[in-house]
Amino acid sequence: MALELDGVLTDTRPLWNDWLEDAARRTRVDLDTVPEDRAAAAPVLDELLGDWRPLLERFAADRAPIHFRPRADTGVTLRELQAAGVRIGVFTDAPRELADLALAHVGAARRVETVGSLDDVLAALGEGAVVVRSRDELAGLQ
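Reference entry: report on the structure contained in this document. All figures in this text were calculated on a predicted structure; none of them were measured in a lab. (Residues numbered from 1 in each chain as written. Predicted model: local features only at pLDDT ≥ 70, side-chain atom pairs only at ≥ 80, totals over all residues. Heavy atoms only, no water.)

Examining the sheet that holds strand 3 (residues 114-116)
Operational definition: Pairing between two strands requires that DSSP report at least two bridges joining them. Put simply, DSSP marks the helices as runs of H or I at least four residues long and the strands as runs of E at least two long, and each gets a number from the N terminus on.
What the four strands build is an open sheet, ordered 3-2-1-4; its pairing is parallel. A single partner strand is all that each edge strand has here, and the edge strands are strand 3 and strand 4 (131-132). Pairing between strand 1 (residues 2-4) and strand 4: two bridges, direction parallel. Bridging across to strand 4, Leu 3 finds its partner in Val 132.

Rendered as structure tokens:
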């Protein structure tokens, strides 16, 4: 089962946007040209900021408890799926550093086998993987 991080488990976009704003202020670099798609944003940030991933990781680690909270219903569903032998992957356009922090804070990291783009996760999980993009879809699978 491939779960969309932002639609099913937690929304990483507000923390990402906060970081972009903070990074622009601290570095005095105009980041208004950074694409909305975060996978496309990575090479732009590489060019504008250089080694930006540690900056994001530190910023996100400091603020993750404010942005990411476990949801009991989602946690129960993930436990049940894992107990039933379902392999779980998470896909996102968020940088891996942000995705890993989010998964840890919502209590899903130990239940997730693979994290990456949708294509990467589907390749890792194999044929027949179900793609879930919302909490409602996940709840409907029970």
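Here we look at the nonpolar core
The nonpolar side chains of a soluble globular protein tend to be buried, and buried together. Rule in force here: What is meant by a nonpolar core is a set of buried Ala, Val, Leu, Ile, Met, Phe, Trp, Tyr and Cys residues, joined one to another through side-chain atoms within 4.5 Å. The cut-offs for exposure are 20% and 50% of the maximum accessible area for each residue type, with area from a 1.4 Å probe on protein chains only; residues under the lower value are buried, those over the upper are exposed, and the others partly exposed. Here a residue-residue contact requires only that any non-hydrogen atoms of the pair lie within 4.5 Å.
Counting residues in hydrophobic clusters, the biggest one holds 38 residues, and the most contacted among them are Leu 3, Leu 9, Trp 16, Trp 19 and Leu 45. Contacts of Leu 9, omitting those with residues within four sequence positions, involve Leu 3, Glu 4, Thr 74, Leu 78, Val 90, Leu 103, Val 106, Ala 108 and Arg 135.

Here we look at the layout of surface pockets
Keep this limit in mind: Put plainly, a pocket is an open set of points on a 1 Å grid over the protein atoms alone with protein on both sides within 12 Å along at least five of seven lines, a cavity is a set where a 1.4 Å probe fits but cannot get out, and a lining residue has an atom within 4 Å of a point. Grid points are joined across faces, edges and corners, and a volume is the space filled by probe spheres set on the points. When residue character is reported, Ala, Val, Leu, Ile, Met, Phe, Trp, Tyr, Cys and Pro are called nonpolar, Asp, Glu, Lys and Arg charged, and the others, Gly included, polar.
Taken as a whole, the largest pocket encloses approximately 160 Å³ of empty space. In terms of lining residues, the largest pocket is bounded by 14 residues, among which Arg 71, Thr 74, Gly 75, Val 106 and Gly 107 are the most central. The biggest single contributor to the lining of the largest pocket is helix 5 (residues 72-83), with five residues. Its residues placed into classes, the lining of the largest pocket shows six nonpolar, three polar and five charged.

Let's talk about the side chain of Thr 114
Locating Thr 114 in the fold gives a position in strand 3. On the basis of relative accessibility, which here comes to 16%, the residue Thr 114 falls in the buried class. Non-local contacts of Thr 114, meaning those with residues more than four positions away in its chain, are made with Ile 88, Gly 89, Val 90, Val 121, Ala 124 and Leu 125.

Regarding the pattern of salt bridges
The condition that has to hold: Salt bridge criterion: a side-chain nitrogen from Lys or Arg within 4 Å of a carboxyl oxygen from Asp or Glu.
Scanning the model with the defined rule gives 10 salt bridges in all. Arg 71 is the salt-bridge partner of Asp 73, the closest N and O atoms lying 3.4 Å from each other. Classification of Arg 71 as partly exposed rests on a relative accessible area of 36%.

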